[in-house]
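Here is what each chain is made of, one letter per residue.
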Amino acid sequence: MTVTQKSFILVVTLFLSVSTTGLSTNASKSAEPLTKTKSPFRLTTIVLDAGHGGRDPGNVGPGRENEKDINLAITRKLAALIRKKTTYKVYLTRSEDRWISLTDRARFANQFPASETLFISIHCNSHPSSRVHGLESYIFNLQATDKFAEALAKWENDTEDINPVDFIVSNLYKRGVEKYSWEAARIVQSVLVSHLGARNRNRSAPDKMVRRAPFRVLVETKMPALLVELGYLSNKAEYKKLNSPTYQDKVVNALLRSIQQFDQATQAVNRTEARLP
């Protein structure tokens, strides 16, 4: 990386740091998590992304089951439930065990209208300590919430090289949808924790609600996007649950409920804005 690139990255990162602080402060006010925009968001389409796949197994549990398979099983179940219970159009970045680049996942999602589409990337986590457990949800930001979030993003991005300057430019284009990404992640995290009785690891985030990290699969999507870590395969209890069809059903029901709540929240904001002068 050249000196010019480093200087540019430093300047933009400082700018985004100030902007993010303001957004986090405003977003933490539960009474008005979304603000007026020129193009109101109206959810009609959901893109589900089963993390990893093919030659990339993701994390591996103590019983040698691969994360990629758990992600795909849950994603397929969620897609089927959405189609059965709602009128949303739903698409999967992968519906079988195959490797797809992060760029191609985002490119697939970007064929749908950004003002009508929600992108959800499904993952399971891991940690050197088997005692660590709980749920996390992330939206994109160049500055990770903490060192753990930074390490996690590095792990998820490891299969592909990243041009730092392109990364920053892409992020600037996403500023208009960040508030919707934040709202979606907040609701998903809240509903999952409540319905699954899992530990809420997002409480360590600055706003106590949503974590942030520079995930490539999130920065390249043009629509509201989040990445959810459904539990730790390194924790025996969560590993057992995530491999259970019954627990997977609970997960997908909670995810569907959170999607519907997000839709209701955006519609409420749109109605409020329509009455404003």
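Refer to the structure presented above.
Starting from 1, residues in each chain are numbered consecutively following that chain's sequence as written. Two thresholds apply to this predicted model, a pLDDT of at least 70 for residue-level local features and 80 or more for giving and counting side-chain atom pairs, whereas whole-chain, interface and lining totals are computed over all residues. Each side-chain value is derived from all of the structure's non-hydrogen atoms; neither hydrogens nor water enter the calculation.

**Student:** Please explain the overall build of the chain as it appears in this structure.
**Tutor:** Starting at the N terminus, helices and strands are each numbered in turn, a helix being any DSSP run of H or I of at least four residues and a strand any DSSP run of E of at least two. Within the chain one finds nine helices and six strands. Summary of the burial criterion: residues with accessible area below 20% of their type's maximum are buried, those above 50% are exposed, and those between are partly exposed, where the area comes from a 1.4 Å probe applied to protein chains only. Across the 277 residues in the chain, those meeting the buried criterion constitute 53%. Accessible area for the chain stands at about 13100 Å²; split by element, carbon and sulfur atoms hold 53% of it. For every accessible area listed, the method is Shrake-Rupley and the probe measures 1.4 Å; residues are considered covered only by the protein chains on display.

**Student:** Would you mind showing me how to read helix H4 (residues 147–157) here?
**Tutor:** Restricting attention to buried positions, one finds in H4 the residues Ala 149, Leu 152, Ala 153, Glu 156 and Asn 157. Summarising the axial view, the buried residues of H4 lie within an arc of 125°, below the 170-degree limit, and thus occupy one face. Exposed residues lying more than 90 degrees from the buried face of H4 are Lys 147 and Lys 154. Under this definition, polar contacts are N or O atom pairs within 3.5 Å; protein pairs additionally need one hydrogen-donor-capable and one acceptor-capable atom, and for neighbouring residues in sequence, both atoms have to be side-chain atoms. Measuring from the backbone nitrogen of Phe 148 back to the side-chain oxygen at the start of H4 gives 3.1 Å, which picks out Asp 146 as the cap. Here, the arc refers to the directions that run from the helix axis to the C-beta atoms.

**Student:** What exactly am I supposed to notice about the sheet that holds strand E3 (residues 117–125) here?
**Tutor:** Pairing between the strands of a sheet comes from backbone hydrogen bonds, and it takes one of two forms, parallel or antiparallel. Strand pairing is assigned whenever DSSP identifies at least 2 bridges connecting the two strands. The sheet built from six strands is open, its strands ordered E2-E1-E3-E6-E4-E5 with mixed pairing. Each having just a single partner strand, strand E2 (89–92) and strand E5 (211–213) make up the two edges of the open sheet. Adjacent strand axes in the sheet meet at a mean angle of 30°, parallel and antiparallel pairs treated alike. In terms of strand pairing, strand E4 (residues 136–140) meets strand E6 (residues 225–232) through three bridges, oriented antiparallel. Looking across to E6, one finds that Ser 137 is bridged to Val 228. In this description, contact between two residues means that some pair of their heavy atoms is separated by no more than 4.5 Å. To define axes, lines are fitted to C-alpha atoms, for helices over the stretch in contact only, and angles between the resulting N-to-C directions are given on a 0 to 180 degree scale. Across the sheet, helix H6 (residues 178–196) lies against E3, E4, E5 and E6, angled at about 175° from E4, the strand it touches most.

**Student:** Sorry, what's going on with the side chain of Asp 263 here?
**Tutor:** The residue Asp 263 is located in helix H9 (residues 245–274) in this model. When charges are counted, Lys and Arg contribute as positive and Asp and Glu as negative, whereas His and the chain ends are disregarded. Salt bridges are defined by distance alone: a side-chain nitrogen of Lys or Arg within 4 Å of a carboxyl oxygen of Asp or Glu. One buried charge, Asp 263, has no salt-bridge partner; the nearest side chain with opposite charge is Arg 42, at 8.1 Å. When neighbours within four sequence positions are excluded, Asp 263 is seen to be in contact with Leu 43 and Tyr 88.

**Student:** Even after reading the chapter, I still don't get the packing of H6 against H9, so can you show me in this structure?
**Tutor:** Between two packed helices, what matters for the description is the angle formed by their axes and the separation of those axes. Two elements in contact, H6 and H9, have axes separated by 8 Å at closest approach and are oriented at 140°. Between H6 and H9, the interaxial angle falls into the category oblique. Along this stretch, H6 crosses H9, giving a crossing that reads as right-handed. On H9, the residues touching Tyr 180, Glu 183, Ala 184, Ile 187, Val 188, Val 191, Leu 192, His 195 and Leu 196 of H6 are Tyr 247, Lys 250, Val 251, Ala 254, Leu 255, Arg 257, Ser 258, Gln 261, Phe 262, Ala 265 and Thr 266. As a working rule, the residues Ala, Val, Leu, Ile, Met, Phe, Trp, Tyr, Cys and Pro are called nonpolar, Asp, Glu, Lys and Arg charged, and the rest polar, with Gly in that last group. Of the residues that constitute the contact of H6 with H9, the class distribution is 13 nonpolar, four polar and three charged. Between 65 and 115 degrees an angle is taken as roughly perpendicular, under 35 as roughly parallel, over 145 as roughly antiparallel, and anywhere else as oblique. Crossings are classed by handedness, with left-handed meaning an anticlockwise turn of the near helix from the far one by less than a right angle and right-handed meaning a clockwise turn.

**Student:** Looking at this structure, how should I read the pattern of salt bridges?
**Tutor:** Two side chains that carry opposite charge are able to pair once their charged atoms sit near each other. In the structure shown here, the tally under the stated rule is eleven salt bridges. Ionic pairing is found between Arg 105 and Asp 49, a salt bridge with its closest N-O pair at 2.6 Å. Here Asp 49 lies in strand E1 (residues 45–50) and Arg 105 lies in helix H3 (residues 102–109), a separation of 56 residues in the sequence. Comparing Arg 105 with Asp 49, the two get one shared label, buried. Lys 77 is paired through a salt bridge with Asp 249; the nearest N and O atoms lie 3.1 Å apart. Of this pair, Lys 77 sits in helix H2 (residues 67–85) while Asp 249 sits in helix H9, placing them 172 residues apart in sequence. The partly exposed category is assigned to Lys 77, whose relative accessible area is 27%.

**Student:** Help me understand the side chain of Thr 221 in this model?
**Tutor:** Structurally, Thr 221 can be placed in the loop between helix H7 (216–219) and E6. Residue classification places Thr 221 among the buried residues on the basis of a relative accessible area of 0%. Within polar-contact distance, the side chain of Thr 221 engages the backbone oxygen of Leu 218 at 2.7 Å.

**Student:** What should I look at first to understand the environment of Met 209 in this one?
**Tutor:** Relative to the helices and strands, Met 209 is located in the loop between H6 and E5. Relative accessible area serves as the criterion here: at 25%, Met 209 is assigned to the partly exposed category.

**Student:** Just checking my understanding: could you explain the packing of H2 against H9 for this structure?
**Tutor:** With their axes 9 Å apart at the nearest point, H2 and H9 run at an angle of 50° to one another. When the axis of H2 is compared with that of H9, the two are oblique. With respect to the hand of their crossing, H2 and H9 are arranged in right-handed fashion. Between H2 and H9, the contacting residues are Ile 70, Ala 73, Ile 74, Lys 77, Leu 78, Leu 81, Ile 82 and Lys 85 on the first element and Pro 245, Gln 248, Asp 249, Val 251, Val 252, Asn 253, Leu 255, Leu 256 and Ile 259 on the second. Tallied by class, the residues present in the contact of H2 with H9 amount to twelve nonpolar, two polar and three charged.

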